[in-house]
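Here are the chains, one letter per residue:
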Amino acid sequence: MDWLVGEFGREVLLGPIVVPSDVIPAGYDGSLPAAEDVCARVAEQMGLKPGQCALSFGLVDGVRRHRVGTVRESTGRWVRAAAGNEIHLSPSLAADPVALTAIYAHEVGHELLLGTGRITFAHRPDHESLTDLITVFYGLGIFTANAAYERRPRPNGRGKQPLARGYLRETALAEALAYYAFLRNERYPAWDRHLDPPVRRVMRNHLNVLCR
């Protein structure tokens, strides 16, 4: 987080944190135009210039095993291209605006870090985790944390399968949000009520430790 402050400035750190009503309008209907509108709001929050990174909803969903008993959903991709970098999203994300916001913010993070040459794959093997962290730094950590993990029915119908989105897990994101609040001098941030209860509890505990 301190490295991000050095790269992007404290004015970004101290900017407004985004809560669901800021990017997901009342009456959101799950259509692709509505999803594009959400992405436009996220892009503005993260300082993406108009036309800097093209957006498409043509990515085919993919699922791969991540850890023991857990699978990772592949619904977003940042692509470097000679004519201009691109972000490809799965159309299925339109049905879940919280996950849509989290995944799109992560891919915009790739543009801000890799697309601008601030980091490279070779020199930052932790680039995926750093890209999750930049979403917290830009005030979108509520979405990244709330969309990080869920349980879905297994394809065979026997129980539920843990599904991971992103790369940092809830505990790491709770720690990141606590340090984010600490750097902003927010002892009791009002925005933490938007976090899922498990993340909120850990975040508050870590913030108490930091403040002590």
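In the block above lies the structure referred to throughout.
Residue positions within a chain follow its written sequence, with the count starting from 1. With the structure being a predicted model, the display of local features is reserved for residues of pLDDT at least 70 and the display and counting of side-chain atom pairs for 80 or more, all residues being used for whole-chain, interface and lining totals. Note that the side-chain values use all heavy atoms of the structure and ignore hydrogens as well as water.

**Details of helix α5 (residues 97–115)**
Stage number 1. Helix numbers and strand numbers start at the N terminus; a helix is a DSSP run of H or I with at least 4 residues, a strand a run of E with at least 2. Residue count minus one, scaled by 1.5 Å, sets the expected span of a helix. For α5, which comprises 19 residues, the first-to-last C-alpha distance of 25 Å matches the rise-based estimate of 27 Å (1.5 Å per residue) to within 8%.
Stage number 2. Counting buried residues along α5, 17 of its 19 residues qualify, which places the element largely inside the surrounding structure. Burial classes: relative accessible area under 20% of the type maximum marks a residue as buried, over 50% as exposed, and values in between as partly exposed (1.4 Å probe, protein chains only).

**A few points about the environment of Trp3**
Stage number 1. Along the chain, Trp3 turns up in helix α1 (residues 2–8).
Stage number 2. Whether two residues are in contact is decided by their heavy atoms: any pair within 4.5 Å suffices. Setting aside its immediate chain neighbours within four residues, Trp3 contacts Leu113, Arg118, Ile119, Arg124 and Leu130.

**Digging into the packing of aromatic side chains**
Stage number 1. Working definition: a ring pair exists when centres of Phe, Tyr or Trp rings (six-membered ring for Trp) sit within 6.5 Å. Plane angles under 30 degrees give stacked, over 60 give edge-to-face, the rest tilted. Counted according to the given criterion, the structure contains five aromatic pairs.
Stage number 2. By way of ring pairs, the aromatic residues Phe8, Phe137 and Tyr138 are connected into one cluster.
Stage number 3. Cation over ring: Arg124 sits above Trp3, and NZ or CZ is 5.4 Å from the ring centre.
Stage number 4. Above the ring of Tyr188, the side-chain terminus of Arg187 is found at 4.6 Å from the ring centroid. We call a charge positioned over a ring when the NZ of a Lys or the CZ of an Arg lies within 6 Å of the ring centre and within 35 degrees of the ring normal.

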